[in-house]
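# Examination of the molecular architecture
Each chain, written out:
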Amino acid sequence: MKRISVVIAALCAATLVSPAVASATPHSKGTLQRDADTLVENGSPGVLVELSTAKGSVKVRSGHGDLRTKTPVPWNGHFRIASFSKTFLSATMLQLVGEGRLSLEDTVEKWLPGVVSGNGNDGGAITVRQLLQHTSGLHDYMAELDLFTEKGFLRHRFDRLSAAEAVKLAVGKPPAFEPGKSWGYSNTNYVLAGMVTEKVTGRDWQQEIADRIVRPLGLRETSLPYTSPFIPGPHARGYDRFVVEGSNPPLLGRRVDVTLMNPSMGGGADGSINSTTEDGNKFLRALLGGKVLPPAMLAEMKKTVPAPGLGAYGLGLVKATASCGDYWGHGGALPGFLTGNGVTEDGKRSVMVSLNTLTPYHPGAEPPAGNPLDPVIDHALCGRG
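The notes below deal with the structure included here. For every chain, the first residue of the written sequence is number 1, and numbering continues from 1 onward in sequence order. Only residues with pLDDT of at least 70 are given local features in this predicted model, and only at 80 or more are side-chain atom pairs given and counted; all residues enter the totals for whole chains, interfaces and linings. The side-chain quantities take in all heavy atoms of the structure and omit both hydrogens and water.

### Topic: a nonpolar patch on the surface
Put simply, the rule reads: In this analysis, a patch consists of residues with relative accessible area above 30% that form no salt bridge, clustered at 9 Å for like charges and at 5 Å for the nonpolar side chains Val, Leu, Ile, Met, Phe, Trp and Tyr. Using a 1.4 Å probe, the Shrake-Rupley method yields the accessible areas, and only the shown protein chains count as cover for residues. We define a salt bridge as a contact between a side-chain nitrogen of Lys or Arg and a carboxyl oxygen of Asp or Glu at a distance within 4 Å. Helical segments are the DSSP runs of H or I of at least four residues, strand segments are the runs of E of at least two, and each set is numbered from the N terminus. Buried means the residue's accessible area, taken with a 1.4 Å probe over protein chains only, is under 20% of the maximum for its type, while exposed means over 50%, and partly exposed covers the values in between.
Nonpolar side chains collect at one region of the surface, where Phe 158, Phe 230 and Leu 260 lie side by side and expose about 300 Å² of accessible area between them. Position of Phe 158 among the secondary structure elements: in the loop between helix H6 (150-156) and helix H7 (163-171). With a relative accessible area of 44%, Phe 158 lands in the partly exposed category.

### So, the environment of Val 116
Our working rule: Two residues form a contact once any of their heavy atoms are found within 4.5 Å.
Positionally, Val 116 belongs in the loop between helix H4 (108-111) and strand E5 (117-118). Given a relative accessible area of 1%, Val 116 falls into the buried group. Sequence separation of Val 116 and Lys 168 is 52 residues, and the distance between their C-alpha atoms is 8.0 Å. Those residues within four positions of Val 116 in sequence are excluded, and the remaining contacts are Val 108, Asn 121, Asp 122, Gly 123, Ile 126, Leu 138, Val 167, Val 171 and Leu 192.

### A word on the pairing of strand E7 (residues 239-243)
Which entries qualify depends on this criterion: Paired strands, as defined in this entry, are two strands with at least two bridges between them according to DSSP.
Along E7, five of the five residues are buried, which leaves the element largely enclosed by surrounding structure. With four bridges connecting them, E7 and strand E8 (residues 252-257) associate as antiparallel partners. If you follow Arg 241 over to E8, its bridge partner there is Arg 255.

### Observations concerning the side chain of Thr 222
Heads up, the condition is: Here a polar contact is recorded for every N or O atom pair within 3.5 Å, except that within protein the pair must consist of a potential hydrogen donor and a potential acceptor, and residues adjacent in sequence are included only if both atoms are side-chain atoms.
With respect to the helices, strands and loops of the structure, Thr 222 is situated in the loop between helix H9 (205-214) and E7. Polar contacts involving the side chain of Thr 222 include one to the side chain of Ser 275, which spans 2.8 Å. Only 2.8 Å separates the side chain of Thr 222 from the side chain of Asp 279, close enough to count as a polar contact. Excluding anything up to four places from it in sequence, Thr 222 contacts Val 214, Ile 273, Asn 274, Ser 275 and Asp 279.

### A few points about unusual backbone geometry
Here the residue pair Gly 233 and Pro 234 is connected by a cis peptide bond, since its omega of -5 degrees sits within 30 degrees of zero. Relative to the helices and strands, Pro 234 resides in the loop between H9 and E7. Omega for the bond connecting Asn 248 with Pro 249 falls within 30 degrees of zero, at 5 degrees, which places this linkage in the cis form. Take Pro 249: it is sitting in the loop between E7 and E8.

### So, the state of the cysteines
Quick note on the threshold: For the purposes of this analysis, a disulfide is any pair of cysteine sulfur atoms at a distance within 2.5 Å.
Within the structure shown, the criterion is met by one disulfide. Two residues share a disulfide in this structure: Cys 324 and Cys 382, whose sulfurs sit 2.0 Å from each other. Handedness here is read from the sign of the S-S torsion; for Cys 324 and Cys 382, about -80 degrees, the answer is left-handed. Highlighted residues: Cys 324 in the loop between strand E12 (318-322) and strand E13 (325-329) and Cys 382 in helix H12 (residues 374-382), separated in sequence by 58 residues.

### What to know about helix H8 (residues 187-201)
Rules: To estimate how far a helix should reach, multiply one less than its number of residues by 1.5 Å.
Given a rise of 1.5 Å per residue, 15 residues ought to cover 21 Å, and the 22 Å separating the end C-alpha atoms of H8 matches this to within 8%. Positive backbone phi, approximately 75 degrees, marks Gly 202, located one or two places after H8.

### Some thoughts on H7
To keep it simple, the criterion reads: By construction, the arc corresponds to the directions joining the helix axis to the C-beta atoms.
If you check which residues of H7 are buried, you get Ala 163, Ala 166, Val 167, Ala 170 and Val 171. Looking straight down H7, one finds that the buried residues subtend no more than 130 degrees of arc, so they occupy a single side. Residues of H7 that are buried in the fold lie against E5, strand E6 (121-122) and H8.

### Some thoughts on the packing of aromatic side chains
Keep this limit in mind: Working definition: a ring pair exists when centres of Phe, Tyr or Trp rings (six-membered ring for Trp) sit within 6.5 Å. Plane angles under 30 degrees give stacked, over 60 give edge-to-face, the rest tilted.
Using the criterion set out here, one finds seven aromatic pairs in the structure. Measuring from centroid to centroid gives 5.5 Å for Phe 153 and Phe 242, while their planes differ by 35 degrees, and the two rings are tilted. Pair noted here: Phe 153 is in helix H6 and Phe 242 is in strand E7, with a separation of 89 residues, a long-range link. Like Phe 242, Phe 153 is buried. Put simply, the rings of Phe 84, Phe 88 and Phe 283 touch in pairs and so form one group of aromatic residues.

### A few points about the packing of helix H2 (residues 29-41) against H12
To keep it simple, the criterion reads: Axes here mean lines fitted to C-alpha atoms, for a helix over just the part in contact, with angles spanning 0 to 180 degrees between N-to-C directions. Comment on the angle field: the value is read as roughly parallel under 35 degrees, roughly antiparallel over 145, roughly perpendicular from 65 to 115, and oblique elsewhere. When residues are sorted by character, Ala, Val, Leu, Ile, Met, Phe, Trp, Tyr, Cys and Pro go into the nonpolar class, Asp, Glu, Lys and Arg into the charged class, and all the rest, Gly among them, into the polar class.
Close contact between H2 and H12 brings their axes to 10 Å; oriented N to C, the two are set at 175 degrees. By the angle class used here, H2 and H12 are roughly antiparallel. In contact with Thr 31, Leu 32, Asp 35 and Leu 39 of H2, H12 contributes Pro 375, Val 376, His 379 and Ala 380. Its residues assigned to classes, the contact of H2 with H12 shows five nonpolar, two polar and one charged.

Have a look at this one:
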């Protein structure tokens, strides 16, 4: 169970890109198609991949979006982008920093007095930068939710947990390390980031993202669902396999339809946005292309610390290395949907990968090491044909 939890945590943050030579290298659509087909052969119900460049886009799909009707993944299918939402929120907060309404060195205590305290947790020692960079040391509230077994998920998938309740769960445990002393992925950080955003602006964090990013960039297929368990149509259905209780090593059981769920388990700021491959690419290219943040704020976003298993983590951005160079992005994982992406340093080439499962493995299989989407991203960004 521990290993699968680690795999899921890594998937939540991983999947990125940025090679300098990629934009000048031709890419084979056939390679993308073979990569998508391989993911289906390895156990994913369906796959949708879109590569976007200055010269246009290439999109491929494989498998099924609905296993009952045997229909394909919709070409313009919506899906839960999960932790890729963190990049949207981080960019929103950096706009506020650029406007002088917030500082990355402000403490959590300044904006949320008394919210982070007890069991060795101290909001006065944690900065906004540390929240966005996962260097706060705060315990991940998600580890306290019963969502990682089939019975637990089916019992609790419509539960509503407020942001304050999620933070209370997290600070009920001691921190993993002192703020700024290490790196550790924790969804609690972005729940608090959403709460800080609301304190600074006096508005929901969803409204800020919509007004600052979604509408200005024309992301017409991107939505912020609050606690709605539904995904805008058209969309693939989401499927997953849960760990068989008592299995050692942990093995995955039968496939379960997990499409309906509340994506805002802890207030939603850590990963509840719905989008499409087209909108995801548009956002990534605009962000790295300097159309979302002024240069100084984009530079802050790209200041990284070592992130074991991922590469390096900035402020809601991961920097990793492909076969042709470094790249930027942020993956996402929720029951039923796995998102991977990457964008070049100049913002001219990006890729979005969507699977309608968090567990793209065959029954009884043990998850392999590494992220299964990495080869797809590498081939797309590096133009391997």
